[in-house]
Amino acid sequence: MSRRRSRRGKEKDDDLTVEAIYGENKIRRRVAKAMRWSRRGKEIAEETVEAEDVKELMPERLFATDRFPNKRVSTTDYLSRVRNALNNTLEMAKLIGSCFGGLFKLPAQRLKPLRFPLVGFGEVMGLPCGEFEDGYSIDFTYPIRMKRRNCYNGSRVVRRFGTSSAAEKIISPSVQVSCTQLLIDGNFVDATSGKTFQTLDPRTGEVIADVAEGDAEDIDRAVKAARKAFDKGPWPRMTAYERSRIMLRFADLVEKHSEELAALETWDNGKTYQQAKTAEIPMLARLFRYYAGWADKIHGLTVPADGNYHVQTLHEPIGVAGQIIPWNFPLLMFAWKVGPALACGNTIVLKTAEQTPLTAFYAGKLFLEAGLPPGVLNIVSGFGPTAGASLASHMDVDKLAFTGSTDTGKVILGLAANSNLKPVTLELGGKSPFIVFEDANINKAVELAHFALFFNQGQCCCAGSRTYVHEKVYDEFVEKAKARALKRVVGDPFKKGIEQGPQIDSKQFEKVMRYIRSGVESNATLECGGDQIGNKGYFIQPTVFSNVKDDMLIAQDEIFGPVQSILKFRDVDEVIRRANETRYGLAAGVFTKSLDTANRVSRALKAGTVWVNCFDVFDAAIPFGGYKMSGNGREKGIYSLNNYLQIKAVVTALNNPAWI
C-alpha cells in the first residue's frame, strides 16, 4: 500500500484501498508487510505477526461517515477514545490491524490494552502531509474501504467512525421472570381489564415480559385490601417486636435471593450487575434491618402541664399509605418507602414505575414468604395518568409518598390536595453543584466528580451535574476529567468490568441526546462523547462539556444522563451565589482541604445534603430530601418515620394527685 502526494501537498483524488486479511474462522495470513514511510523525518517501523488465535470472521469493509456537526475533537482524544472502546475486544482489535495493514500492527500479546502510533495517522486518513491538526474526531464503524478526500486549502475533512460494528454479544440473564401480576390482598392477580404492557430490556429494546397493567379499578381494589388489613387485620395490632421479626426475615430472604434480584434489576433497568449485586441488594437488606430495629422503639412522651392533668403523646400509624416509586433505583426506592411505613404499622399500596416493575413484584413475593399478612403490602404496576393519578387522588388513602420529576411532583401534590388533603412527601429533581477548590487534590477530585455524575448512567436525582472548578486548576481538571471519561467502559451491564450500561428507554435516550445537542449549539466545548454507542439499545458515550455558562440549558435542567458540565469560578462568594441560583436544592458536593472553606460553604449551600470530600454516601441512618423544588420531607433515618405517624395528645384530669 502506498500513498502519493504532490510537492504542494495536494492529495491524489483516488481510492485508498486496504485489504481485509482474514479467513474462515481464523486469519490465515500475516498482517501485510510492514510499511515504512516518513513524515517530518520520522519513520514508523511496524511489526508483523501471525494471528492464528483469532476465532471469528472480521467485518468486510470499513468506511468513513459524516463529521460530528459543529464540534471538533483532537486526534489524541480520538485515539484515547478508541483505546477505551476497543480495550479487551479481540475481534475489533484484529479488525483494526487488518484494516490499516502496515499502520497498526497488533501482535496478539499486545491486545490488552491497545496502543496506536500517532505519527502519520493524518496522512493515512487523508489529510495533507503536515500536522494532523487539533480539531477533528474519528470513531469506528464498519466496513473496510475508505475514500480519500481532497483535504487542503482549508477544506480538510476528517470522517467519523462509530463502534456499532463492534456490537458485543448480549448476555442472556439466567433468572426467570416469575412475577408479572398485580399483588393485591396477598395474591398475585391479573388486572381487572385483562390488559398487559411490555417491560423492555434497555440493552436491546426487546421485550422481557408482559406485565399486568393496573388502572383506577385495580388501585381501588388494592386500597380496599389495604384498608381492610389496617382496620381489621393483625398488622397494626401485632406487637412491634413481631413486626420487626417479619421485616428481618424479609431481609434474610433478600440475601438468599440476591442473585435473582440483582439480575432482574439489571435486566429491567440497565444498571450494571456489579452495582446491583454488590451495592444495592446489600443496601436493600440493610435498610429493612434498620427499620426493623426501629419498629419497637417508636413511642410518645409524657408532657408536664399546668394544672392537675396527665398529658401523654401517642405516635400512631397514619393508616393506608400510597407510594409511587421511580425507575432509576427501583429496589432502593422500594426500601426507602416501604421500610418506614411497615415499621410504623401502616398498610401500603405501592405503584411501580412502568419501566421497571419486575423487582418490586419479586420483593412482594418474598414478603409473603416472610409472613407478611395479606393486604399489608399491595403492589400495582401501571402508568402515571391512570394508576398513579388514581392513587394520588383516592379518598381512602391517608398519606402519599412520591419520588420522581419535579413536574410530576406538582401534579401529584395537586391531586392529593384536591381529594382528601392527604399529606404528601416528595423527593424530586436536582441539579447538584460539585465544587472543586484550588487547594484540592486534582486527581482525587476528578475521580470523585466523575463518580458523582456518571454513577448509574447519570440517572441519579442528586448527580453532581454542575461541576464548578476554580479557575487556577480549571484547565488541568478539564483535561483529566476528559481523559477519565474516555476511559469509562460502556457495554452490556451483565459483563464484568463494565462501568456504564444503557439509559432506561428510548424516551430518556432522546432526552439526553437533545441536551447534548443543546450544549453544542450553545457553544459549550464538547470535550468528548456526545454520541450513541452502537445501533441497538440506549447506550450513550460518556460526555464532557467545558466552558459551560450558568444560563445554558445543560447547566440549568436536570438531564438525567451521562453528561458532565464543567464551569469555572473565581472565589468562594461567587461560587456560593452561583451554586444557589437554581430552582433545585437536593444535594451538593464540596471538595477542599480547608476545613474553614468546607464549613463555610456547606452551611451556605441551600441543599438537603452536602457531601464534603465524598459523594453519594447513602447510609440507612442518613436523612435524604431537598430544599426548594427538590421536594419536601425526608427519607431514611429517624426523620422518615415522621412521614408515617400521627401524633396524638391525650390529656387526662387527675383528682388529688400525689404529685404533678
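Since we're looking at a predicted model, the values are computed, not measured. (Residues numbered from 1 in each chain as written. Predicted model: local features only at pLDDT ≥ 70, side-chain atom pairs only at ≥ 80, totals over all residues. Heavy atoms only, no water.)

Caption draft 1: View of the overall build of the protein chain. Assigned secondary structure in the protein chain consists of 17 helices and 24 strands. Relative to its 660 residues, the protein chain shows a buried fraction of 55%. (Helix = DSSP H or I, 4+ residues; strand = E, 2+ residues; numbered from the N terminus. Buried < 20%, exposed > 50% of the residue type's maximum accessible area, 1.4 Å probe, protein only.)

Caption draft 2: Focus on the UniProt feature "active site" (unreviewed entry) in the protein chain. Per the UniProt record, "active site" (unreviewed entry) is found at Glu427. Among the structural elements, Glu427 can be located in strand β15 (residues 424-427). When sequence neighbours within four positions are dropped, the list of residues in contact with Glu427 reads Met333, Trp336, Phe402, Thr403, Gly404, Cys461, Leu586, Phe624, Ser630 and Glu635. (UniProt positions renumbered as here; feature names shortened; annotations may be inferred. Contact = heavy atoms within 4.5 Å.)

Caption draft 3: Representation of the side chain of Asn269 within the structure. Looking at the secondary structure, you find Asn269 in helix α6 (residues 258-269). On the basis of relative accessibility, which here comes to 0%, the residue Asn269 falls in the buried class. At 3.1 Å, the side chain of Asn269 forms a polar contact with the backbone nitrogen of Lys271. A polar atom in the side chain of Asn269 sits 2.6 Å from the backbone oxygen of Trp327. (Polar contact = N/O pair within 3.5 Å; in protein donor to acceptor, adjacent residues only side chain to side chain.)

Caption draft 4: Summary view of the pairing of strand β19 (residues 543-546). Burial of the side chains of β19 extends over both faces: Thr543 and Phe545 are buried on one face and Val544 and Ser546 on the other. Relative to β19, strand β18 (residues 525-528) runs antiparallel, the two being bridged by three bridges. From the neighbouring strand, Cys528 faces β19, where its bridge partner is Val544. Taken together, the three bridges between β19 and strand β20 (residues 563-569) define a ladder with parallel strand orientation. Across the sheet, residue Thr543 finds its bridge partner in β20, namely Val563. (Pairing = 2+ DSSP bridges.)

Caption draft 5: Looking closely at the pattern of salt bridges. In this structure the tally under the stated criterion is 29 salt bridges. The closest approach of N and O atoms between Asp231 and Arg227, which form a salt bridge, is 3.6 Å. Of this pair, Asp231 and Arg227 both sit in helix α4 (residues 216-231), four residues apart, roughly one helical turn. According to the relative accessible area criterion, Arg227 is buried, its value standing at 15%. One salt bridge connects Arg577 with Glu581, and the closest N-O pair in it is separated by 3.3 Å. One salt-bridge network, in which partners are shared between bridges, spans Arg227, Asp231, Asp396 and Asp398. (Salt bridge = Lys/Arg side-chain N within 4 Å of Asp/Glu carboxyl O.)

Caption draft 6: Structural context of the sheet that holds β18. Strand order across the open sheet formed by seven strands is β18-β19-β20-β17-β16-β21-β22, with mixed pairing between neighbours. Both outer strands of the open sheet, β18 and β22 (609-612), are each paired with one neighbouring strand and no more. Pairs of neighbouring strands in the sheet enclose a mean axial angle of 25°, with direction left out of account. In this sheet, β20 lies alongside strand β17 (residues 466-470) in parallel orientation, the contact comprising five bridges. Counterpart to Arg466 in the pairing with β20 is Ser565. Docked against the sheet, helix α14 (residues 506-521) engages β18, β19 and β20, running at close to 30° with respect to β19. (Axes fitted to C-alpha atoms, helices over the stretch in contact; angles between N-to-C directions.)

Caption draft 7: The environment of Ala389, seen in detail. Tracing the sequence through the fold places Ala389 in helix α10 (residues 384-393). Placed 174 residues apart in sequence, Ala389 and Asp215 show a C-alpha to C-alpha distance of 9.2 Å. Apart from residues lying up to four places away in sequence, Ala389 is in contact with Gly384 and Leu415.

Caption draft 8: Highlighting the side chain of Thr204. Looking at where Thr204 falls in the secondary structure, it is placed in the loop between β7 (196-201) and β8 (206-212). Thr204 gets classed as buried once you look at its relative accessible area, which sits at 13%. A polar contact is formed between the side chain of Thr204 and the backbone nitrogen of Glu206, at a distance of 3.1 Å.

Caption draft 9: How the structure looks around the confidence of the model for the protein chain. Of all residues in the protein chain, 75% have pLDDT values of 70 or greater, and the mean over the chain is 81. Across residues 1-76, confidence stays below pLDDT 50; counting only partners more than four residues off in sequence or on other chains, it has 198 contacts. (pLDDT = per-residue confidence, 0-100.)

Caption draft 10: Here's a closer look at the packing of aromatic side chains. Tallied over the full model, the rule gives 19 aromatic pairs. With a centroid separation of 4.8 Å and an interplanar angle of 70°, the aromatic rings of Phe250 and Phe288 are classed as edge-to-face. Of the two residues, Phe250 sits in helix α5 (residues 240-256) while Phe288 sits in helix α7 (residues 273-294), which places them 38 residues apart along the sequence. Judged on exposure class, the residue Phe250 and its partner Phe288 are both buried. Seen in terms of ring centroids, Phe451 and Phe455 are 5.3 Å apart; in terms of plane orientation they differ by 45°. Their pairing is tilted. The ring of Tyr644 carries Lys399 above its face, with NZ or CZ at 5.7 Å from the centroid. (Phe/Tyr/Trp six-rings, centres within 6.5 Å; stacked < 30°, edge-to-face > 60°. Lys NZ or Arg CZ within 6 Å of the ring centre and 35° of its normal.)

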